[in-house]
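# Breakdown of the fold
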Amino acid sequence: METRAHHLLVGTFVLVIIIGLFGFVIWLAKIEIDREFTRYRIFFEGSVAGLSTASSVLYNGIPVGTVQDIALDPDDPSRVGVVIEVATNTPIKSDSVATLQLQGITGVSLVQITGGSADSPPLRPRPGQRLAEIDSAPSQFQRLFADAPELLNQATILIEQVTALVNDDNILTITEILEDTQA
């Protein structure tokens, strides 16, 4: 009888520890069973390098969700479709805009949504669409790289003009002017 009581006590203790560990793991993982999400689709032009599933989604700099899926647009391969999942209470308006942002110097990208005006209605799916579509805009880095060829052309022209201005004859003339001014 004495050994049976010990086995019952040890078995009960083990079950309590397992249930406690399971509860701790759920608490540690911060699983929120009652939290609701809304999905949206965003089409970005060009590359989405550094973006992956589970990347962060920020709304005016505040984390509100994650990237769920990334795929090429079957109708236009220059566009990339990104499905995001954000908290239902996030005020995504019809004039909200999404951009890709670099997260630090690691090369990891995230989706940044800037809020629309307070007067605009909430974003809803168009007829025949399952997910509402947030408009996208090129990020500052994409704009910089798009303008890079023009900037290089202007820099080349400027260097040519400075080189033409600073030739041997002009340097000699400027030296004479400075000597005359000093005298």
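Predicted model only: the values in this text are computed from it and were never measured. Each chain has its residues counted from 1, running along the sequence as written. With the structure being a predicted model, the display of local features is reserved for residues of pLDDT at least 70 and the display and counting of side-chain atom pairs for 80 or more, all residues being used for whole-chain, interface and lining totals. For the side-chain quantities, the full set of heavy atoms in the structure was used; hydrogens and water were omitted.

## Re the sheet that holds strand 2 (residues 56–59)
Which entries qualify depends on this criterion: The criterion for strand pairing is that DSSP finds at least two bridges linking the strands in question. Helix numbering and strand numbering both begin at the N terminus, where a helix is a DSSP run of H or I of at least 4 residues and a strand a DSSP run of E of at least 2. Under this scheme, a helix contributes an axis fitted over its contacting stretch, all axes are lines through C-alpha atoms, and angles between N-to-C directions fall in the 0 to 180 degree range.
What the 7 strands build is a closed barrel, ordered 1-4-3-2-6-5-7; its pairing is mixed. Neighbouring strand axes in the sheet, compared pairwise and without regard to direction, differ in orientation by 40 degrees on average. Here strand 1 (residues 37–45) pairs with strand 4 (residues 79–87) via 9 bridges, running antiparallel. Counted as the bridge partner of Phe44 is Val80 from strand 4.

## Remarks on the environment of Gly61
Assignment of secondary structure puts Gly61 in the loop between strand 2 and strand 3 (62–72). Distance in space between the C-alpha atoms of Gly61 and Ile113 is 8.2 Å, their sequence separation being 52 residues.

## Considerations on the pattern of salt bridges
Stated formally: We define a salt bridge as a side-chain nitrogen of Lys or Arg found within 4 Å of a carboxyl oxygen belonging to Asp or Glu. Partly exposed describes any residue whose relative accessible area lies between the buried limit of under 20% and the exposed limit of over 50%, with all areas from a 1.4 Å probe on protein chains only and scaled to the type maximum.
The full count for this structure, using the stated rule, is 2 salt bridges. The shortest N-O distance in the salt bridge between Arg79 and Asp73 comes to 3.0 Å. A relative accessible area of 9% means that Asp73 is categorised as buried.

## Things to note about a nonpolar patch on the surface
Heads up, the rule is: Two joining distances apply to patches: 9 Å for like charges and 5 Å for nonpolar side chains (Val, Leu, Ile, Met, Phe, Trp, Tyr), and every residue must have over 30% relative accessible area and no salt bridge. In short, Shrake-Rupley with a 1.4 Å probe defines the accessible areas, and a residue's cover is counted only from the protein chains shown.
A contiguous nonpolar surface patch, about 560 Å² in accessible area, is contributed by Val10, Phe13, Val14, Ile17, Ile18 and Leu21. Note on placement: Ile18 falls in helix 1 (residues 2–29).

## Overview of the pairing of strand 1
For a regular strand, the rule is simple: side chains alternate between the two faces of the sheet. Sheet analysis places strand 1 next to strand 7 (residues 132–136), joined by 3 bridges and oriented parallel. The partner of Ile42 across the bridge, within strand 7, is Ile134.

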